[in-house]
There are 2 protein chains.
Amino acid sequence: MGISVDTFFLELNGQGTLQAQIQQMIAEGILSGRFHVGEKLPSSRKLAAHLGVSRITVTLAYTELLANDYLTAKGRSGYFVSQNAPVPPKYSPVQKRDENVDWDTALARRFSDGDVLPKPSNWRDYKYPFIYGQADRKLFDHANWRLCAVRALGHKDFASLTGDYMDQDDPLLIEFIARHTLPRRGIAARPEEILITMGAQNALWLASRILLNRNRTAVIEDPCYYALRDLLNHSDCKVSPLAVDRDGLTPDALPDETDVIFTTPSHQSPTTATMPVDRRHELLKRARELDAMVVEDDYEFEMAFLGSPSPALKSMDRDGRVIYVGSFSKSLFPGLRLGYIVGSEPFIREARALRSLVLRHPPGHIQRTAAYFLSLGHYDAQIRRMSKTLARRREALDSAVEQYGLTVAGRGIMGGSSLWMSAPDRVDTTKLAKKLQSQGVHIEPGASFFNGLHQPRNFYRLGYSSIGRDRIGPGVKLIADAIRSA
Amino acid sequence: MGISVDTFFLELNGQGTLQAQIQQMIAEGILSGRFHVGEKLPSSRKLAAHLGVSRITVTLAYTELLANDYLTAKGRSGYFVSQNAPVPPKYSPVQKRDENVDWDTALARRFSDGDVLPKPSNWRDYKYPFIYGQADRKLFDHANWRLCAVRALGHKDFASLTGDYMDQDDPLLIEFIARHTLPRRGIAARPEEILITMGAQNALWLASRILLNRNRTAVIEDPCYYALRDLLNHSDCKVSPLAVDRDGLTPDALPDETDVIFTTPSHQSPTTATMPVDRRHELLKRARELDAMVVEDDYEFEMAFLGSPSPALKSMDRDGRVIYVGSFSKSLFPGLRLGYIVGSEPFIREARALRSLVLRHPPGHIQRTAAYFLSLGHYDAQIRRMSKTLARRREALDSAVEQYGLTVAGRGIMGGSSLWMSAPDRVDTTKLAKKLQSQGVHIEPGASFFNGLHQPRNFYRLGYSSIGRDRIGPGVKLIADAIRSA
């Protein structure tokens, strides 16, 4: 591709002759890495017209750069960046700056102070990636996804591909979720009670903004999904962590000032506990007494290969008190950024308006692709395939954990894609994870999941959604060895 | 697709015999529209196992429904929803509810009270769609977009398609924007100074959350893009509208308490005024005096077919005071939801963290598709094609407006895709638009663009990005007739 003439500007009060300025402009483009070797420069005629200078001025500048070996000429086809021109490793533009903004004052709010360890972006290079929540290319039905995407790119779907939905969603996707996805969780919802979100994260965020303010209190589970805690800590609200037991959240311990309860009853995150039916009734009763709302994050419900999942808490809700959050990140892939939120109409109306203010809507093409993938049955087939594979991996993990004497702190009775583990008290799993890294083992340290200053340091999570079955045993052995020598 | 067995649940304290409960469950599924004619029911064996009842109970329930003509049996292939079963027009589930949430209390914040008229979603059916900011299928290079999307769906790009980028972006897209897009606006930025957003709306929202709080004042142009005003009115900040003149924002009228200035210097929205270079210098000088930040929305800069666009305000910024917002919504299509925000690193760091809290990142596949479309040169070709077509339409519009005696209130000297018009004072363009609707003419009433209670009612916007050239003359005639008879 040629270098566009539109990227050249003379400075208003430039120094030196016009020719010198043009030369400098091009040399800077090359030196900064903006122009690459072999790229074609605009013709002298075009550049002269664009800059409003005479053509001879540009020609002289080019000739000079030719002599300096910044450019080469290829007969009549024009001027190109020379192979001999100095090549910087990466584009880092020459900055003409004298920054004088006091950022401590200019930034009204800070969001970059979360205490979460970033997941390694190169996790695919690990030999033993016990990573959680990432896509395994072997389990994903790439071929059919691609076919659905291509269909959604067709002329018939042009509007769904390109249109500004304003605050609306793809009706095909909404209908499928209402008719097929939610009924699996025992939930009956009309289209007006469903909003598509940019994954569960976006859904939780929308709920927090709508239901909370600085006078209200959110109760979160302790431990909980760290991104939820981070999100609420950055909202203007009070956050009250409540320790979970082996059955999940304890309704009778909910404080009187509770306004919104964030919970994962089907599959507590990260301990994987499933809340028994009686406790669910208690929870709804207690919420009614407190006049509190409940936000149910029903992540990973599809991965129920060890037993039938119990219906969602939302299916027992007669009050309209439960806001339900679902996601395709685990069952399809996280980069898709598609989830949904279900609630009574007054809530969804506000969520729709807020989503529209913040981002309008998730891209139409992606919504339509997912609608096809779901409605053609590929999704169900994929879930079955994933469940089978996860079941085998889980079996391997359970037996390796037993063989090498590791301690399970919580194991999803339905299935899922991770085990919640504990190491002896003296072991700091953050350090352990770092040490294991050099042996190609990725584990997720557990401290970030806990609230407050005195986070237990000896928990960790073992995901098995992205690690091959044959790697599980040897990986667990390395973990056991590292714990023993810690 | 068959009806999944997972969507059947017996109620805990269900009324009647098990057989009756099963019958009722299926009848409800049909009556509510959840099950469609011809869909296959689970086998009696599967359903019995799932519900934990005897198979004969299910078989009896099916037989009864067969007799009632809700189901038909096709020999050994099973039971299907009968063609004679009652079919409701749309899925509207039977709600077992007794809603008792007081939504006035439960909703901590409201977002659904904007005063903006929704654009008609059926605008493609209008004969004379003077609509703004929508995609014209005739101008979009569908074929090449599709090729790029398919390439980005390939195995090599699997990670970009599926991966959880956490808080990162597609490096290919970022690099292209840094090397090719921003230099066209005279802007030199490093990758760390660029963040991909869900369109310009998302970029403006991020900037407002980071730079403002309840003690700070945002200055907006009056009139301005109504979605920006709506967004700021829902932020915890003070909003101070400042009337624009024919050259845009007036720097010397900026109030002393200004913290953040939202401006559209290249192409004022909606008046299309271009701010002269001297005034841009003044604006930056005044911002420095006030120690205020400037958010520059550089929308539509690509549509400069009447004259070279002046460089962005950001290109003149040595202080690091200008936050630059760009978008692909106008040049590609709005349903894409892709834009970018450029600023100094301390700002981008916070924007990245906030974006991650709210939605993680724009989907990887879309970022990669755009990166291919841009880097293969299709984007430039598309812009050239669009500019040529828009230039011809603009010519037709200019001459029709003159012929029928309409009044132009602002016309972009660079080009753009709309004219800002005024009708005589007595004409309420909201009513005018409604009246024209019955004649197949869509115009955009101008009142929503103005701040405050006393919005002028006689302005309107004529978009020409989605209307064929031959329709422009007849459409303008209808508008002129309607104004005369108003």
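Residues numbered from 1 in each chain as written. Chains lettered and ligands numbered in written order. Predicted model: local features only at pLDDT ≥ 70, side-chain atom pairs only at ≥ 80, totals over all residues. Heavy atoms only, no water.

> Help me out: how do you make sense of the UniProt feature "domain: HTH gntR-type" (unreviewed entry) in chain A in this one?
When the UniProt feature table is mapped onto this chain, "domain: HTH gntR-type" (unreviewed entry) is found at residues 16-84 of chain A. Span residues 16-84 of chain A is 51% helix and 9% strand, its end C-alpha atoms 26 Å apart. (UniProt positions renumbered as here; feature names shortened; annotations may be inferred. Helix = DSSP H or I, 4+ residues; strand = E, 2+ residues; numbered from the N terminus.)

> Any chance you could explain the environment of serine 77 of chain B here in plain terms?
As for its position among the elements, serine 77 of chain B is in the loop between β1 (71-73) and β2 (79-81). Within the structure, the side chain of serine 77 of chain B is placed 2.6 Å from the backbone oxygen of lysine 74 of chain B, a separation counted as a polar contact. (Polar contact = N/O pair within 3.5 Å; in protein donor to acceptor, adjacent residues only side chain to side chain.)

> Can you help me understand the sheet that holds strand β12 (residues 418-422) of chain A in this one?
Pairing between the strands of a sheet is mediated by backbone hydrogen bonds and can be parallel or antiparallel. Residues and elements named next belong to chain A. The strand order β11-β12-β15-β14 describes an open sheet built from 4 strands, whose pairing is antiparallel. Of all the strands in the sheet, just β11 (407-411) and β14 (444-445) have a single pairing partner and so form its edges. Pairing analysis gives 2 bridges linking β14 to strand β15 (residues 459-463), with the strands arranged antiparallel. Along β15, the bridge assignment pairs glutamate 444 with arginine 461. (Pairing = 2+ DSSP bridges.)

> Just to check I follow, could you spell out the relation of the copies chain B and chain A for this structure?
To go from the first copy of the chain to the second, apply a rotation about an axis and then a shift along the same axis. Superposing chain B onto chain A takes a rotation of 180° plus a shift of 0.0 Å along the axis, which leaves an RMSD of 0.1 Å. Each copy turns onto its partner about a two-fold axis. Identified as the residue of chain B closest to the rotation axis by C-alpha distance is valine 150 of chain B, at 3.5 Å. Both copies share a contact surface, since 99% of the interface residues of chain B are interface residues in chain A too. (Least-squares fit on C-alpha atoms with pLDDT ≥ 70 in both. Contact = heavy atoms within 4.5 Å.)

> Please clarify how the domain arrangement of chain A should be interpreted in this entry.
Note: interface size is frequently given as the accessible area lost on complex formation between the parts. Segmentation of chain A into domains returns domain 1 (5-81), domain 2 (123-135 + 383-484) and domain 3 (142-376). A straight line from the C-alpha centre of domain 1 of chain A to that of domain 2 of chain A covers 57 Å. (Domains from an automatic or database assignment.)

> Even after reading the chapter, I still don't get unusual backbone geometry, so can you show me in this structure?
Trans is the prevailing form of peptide bonds, just as negative phi is the prevailing case for residues other than glycine. Residue proline 223 of chain A is bonded to the preceding aspartate 222 of chain A through a cis peptide linkage, with omega at 0°. With an omega dihedral of 10°, the bond running from serine 269 of chain A to proline 270 of chain A counts as a cis peptide bond. Mapped onto the secondary structure, proline 270 of chain A falls in the loop between β7 (258-263) and α10 (277-290). Despite not being glycine, aspartate 291 of chain B has its phi angle at roughly 50°, a positive value. Tracing the chain through its elements places aspartate 291 of chain B in the loop between α10 (277-290) and β8 (293-297). Residue aspartate 291 of chain B is classed as partly exposed on the basis of its relative accessible area, which comes to 44%. Even without being glycine, glutamate 300 of chain B reaches a positive phi, approximately 65°. Mapped onto the elements of the fold, glutamate 300 of chain B is located in the loop between β8 and β9 (322-327). (Buried < 20%, exposed > 50% of the residue type's maximum accessible area, 1.4 Å probe, protein only.)

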